Amino acid sequence: MEYVSTRDKSRKVSASYAIANGIAPDGGLYCPTSFPALTAEDWHALANLDYKGRSALVLGKFLTDFSGEELADYAAKAYADDKFGGADTAPVVALGGGKHMLELWHGPTCAFKDMALQMLPHLLTASLRKTGETRTACILVATSGDTGKAALDGFHDVEGTKIMVYYPVDGVSPMQKLQMVTQEGKNVEVVAIRGNFDDAQSAVKRIFTDETVREGLDKDGMMLSSANSINWGRLAPQIAYYVSAYCDMVKNGAVKMGGKINICVPTGNFGNILAAYIAKQMGLPVNKLICASNRNNVLTDFFKKGGSYDKNRDFYTTTSPSMDILISSNLERLLFFASDYDDKLVAALMEQLAKGGSYQVAADVFAKIESDFDAGCCDDAAAAQTIREVWENEHYLCDTHTAVAVRVYEDYRARTGDTTPAVIASTASPFKFCRSVIEALGGTLEKDDVSQLDVLTGLTGVPAPAPLAALAGKTPRFDRVVDKTDILSTVGLLRDL
Ligand SMILES: *Cc1c(COP(=O)(O)O)cnc(C)c1O
């Protein structure tokens, strides 16, 4: 399987090259040049495998310069039972109204980012080896909260790597911040940026495309790489859990083999839902992919307004901070696929986005997109109401991001009458966004953030995940705050790690 940049497909690279480098030199994102199909034999095998086996099988379709043994070994380590609280790595929980909650937050940092970021260090270090790379990989991460911690947890003290995380100073939840600034490990650095997530993401992209920075690091035996979902190695492991959810649903009779499902995903950078789209292209029977947004509804408008993307709008800080994004990077990959790999077109659209903050997709390309996707959004009040209703009516506790998806799905079902069984991606533990969840349930907040965990347990009887409870005894290690315009100066910190 070969990979090309969304902005220039003339140069073909291997999976390991794409993973080691993260982003193409032209600023484009690496994509496979075709979609491998899941055959009848594959489905038969998948049905009888555990999550680790399913992950290795799906990854093997894309990462053809890795052996089956290698991938099985990485999956066994990444999804070890002691990291994911048992063998049920990504369980599906059936609720009323056709909802099947795909719980993706049983990993060490309690958000779905662990599903990819426990795997990525294995893929990345192997990719460096396979491409003959001897320099230290410096992983730069822009985070709206959850990626940062998951990447720190995945990469801390991994030989041959250093990791630096940038988060928006006022754009993450108190629990997310505490998780990041207490991270242990000798190869880690955490920096707060005065600005929002888009500022942090744009700044990191600027570092990536700055020749002087690259040359300077190269002299010191370092190279840049990425753990954001712009990296193919981050996206590929996410495809497996949609396939796994389907296998589980077939097993427990929620759907017949070959029968269709809908998939609704709370969306920010468009990585998670793009993984579901790719699963569909591989043969997963999907009717609609439903893109759920919070008040930062740039994607809802894109889907509802004929493919017009416009980030020139107010940015809102919401109770679902990991979705507070106006530049959804992975939409670029969807444009590439839906336009039959038209790199010139994608390059032109991305230039318009960079210059004027908007673009319009041609009607024929949008028609293809529209056949796969539906979309909707809701505000914080509606998400809070959903948390309360789902708790009161179904005794199921969801976090603020998942609540957005539940609400958008309910709206979709009411609007269309489509009762196809739906997988809803449950992307974080409710304890990660304790304050908002307690408020939604009408509880009384404590001052101290870690004490909130007990408040939520008191209200619901649901125990807090162990990694969050353990934060109580930890001391913050990082307190650096920089202006977004000064971000280039932080690259020097890598030398000291
Ligand atoms: C990152 C994140 C999202 C958004 O996922 P994308 O892949 O960026 O679309 C949604 N919910 C939670 C809890 C997240 O951490």
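Residues numbered from 1 in each chain as written. Predicted model: local features only at pLDDT ≥ 70, side-chain atom pairs only at ≥ 80, totals over all residues. Heavy atoms only, no water.

When you look at the pattern of salt bridges in this model, what are you seeing that I'm missing?
Pairs may arise between side chains of opposite charge once their charged atoms sit close together. If you walk through the whole model with that rule in mind, you get 24 salt bridges. Here Asp248 makes a salt bridge to Arg54, at a shortest N to O gap of 2.9 Å. Within this pair, whereas Asp248 is found in helix 11 (residues 232-251), its partner Arg54 is found in helix 3 (residues 51-62), the two being separated by 194 residues in sequence. Judged by relative accessible area, which is 4%, Arg54 ranks as buried. Note that Asp374 and Lys304 form a salt bridge whose closest N and O atoms lie 3.3 Å from each other. (Salt bridge = Lys/Arg side-chain N within 4 Å of Asp/Glu carboxyl O. Helix = DSSP H or I, 4+ residues; strand = E, 2+ residues; numbered from the N terminus. Buried < 20%, exposed > 50% of the residue type's maximum accessible area, 1.4 Å probe, protein only.)

Just to check I follow, could you spell out the site of the ligand for this structure?
Within the structure, the ligand sits among 15 residues, and Lys113, Asp146, Gly268, Asn269 and Asn272 are positioned closest to it. A distance of 2.8 Å separates an oxygen atom of the ligand from a polar atom in the backbone of Gly268. The separation between an oxygen atom of the ligand and a polar main-chain atom of Asn272 is 2.9 Å. Because more than half of its atoms lie within 2 Å of the grid, the ligand is assigned to the largest cavity. (Near = heavy atom within 4 Å. Polar contact = N/O pair within 3.5 Å; in protein donor to acceptor, adjacent residues only side chain to side chain. 1 Å grid on protein atoms, 1.4 Å probe; cavity = no way out; pocket = protein on both sides within 12 Å on 5 of 7 lines; lining within 4 Å. Sits in = over half its atoms within 2 Å of the grid points.)

How should I be thinking about the sheet that holds strand 2 (residues 8-13) in this particular structure?
Remark on secondary structure: sheet strands pair via backbone hydrogen bonds, oriented parallel or antiparallel. Here three strands make up an open sheet; going across it, the order is 2-1-3 and the pairing antiparallel. One side of each edge strand has no neighbouring strand; the edge strands of this open sheet are strand 2 and strand 3 (30-32). Neighbour-to-neighbour, the strand axes of the sheet open up by a mean angle of 40 degrees, direction not taken into account. Across two bridges, strand 1 (residues 3-5) lies against strand 2 in antiparallel orientation. Of the residues in strand 2, the one forming a bridge with Tyr3 is Val13. Together, strand 1, strand 2 and strand 3 form the strand contacts of helix 14 (residues 331-338), whose direction differs from that of strand 3 by roughly 40 degrees. (Pairing = 2+ DSSP bridges. Axes fitted to C-alpha atoms, helices over the stretch in contact; angles between N-to-C directions. Contact = heavy atoms within 4.5 Å.)

How should I be thinking about helix 11 in this particular structure?
Given 3.6 residues to a turn, an α-helix orients residues that are three or four positions apart in the same direction. The end-to-end C-alpha distance of helix 11, which contains 20 residues, comes to 30 Å, matching closely the 28 Å that a straight helix rising 1.5 Å per residue would cover. Burial runs high along helix 11: 18 of the 20 residues are buried. You can read the cap of helix 11 off the contacts: a side-chain oxygen lies 2.8 Å from the backbone nitrogen of Gly233, and it is on Asn231. (Expected span 1.5 Å × (residues − 1).)

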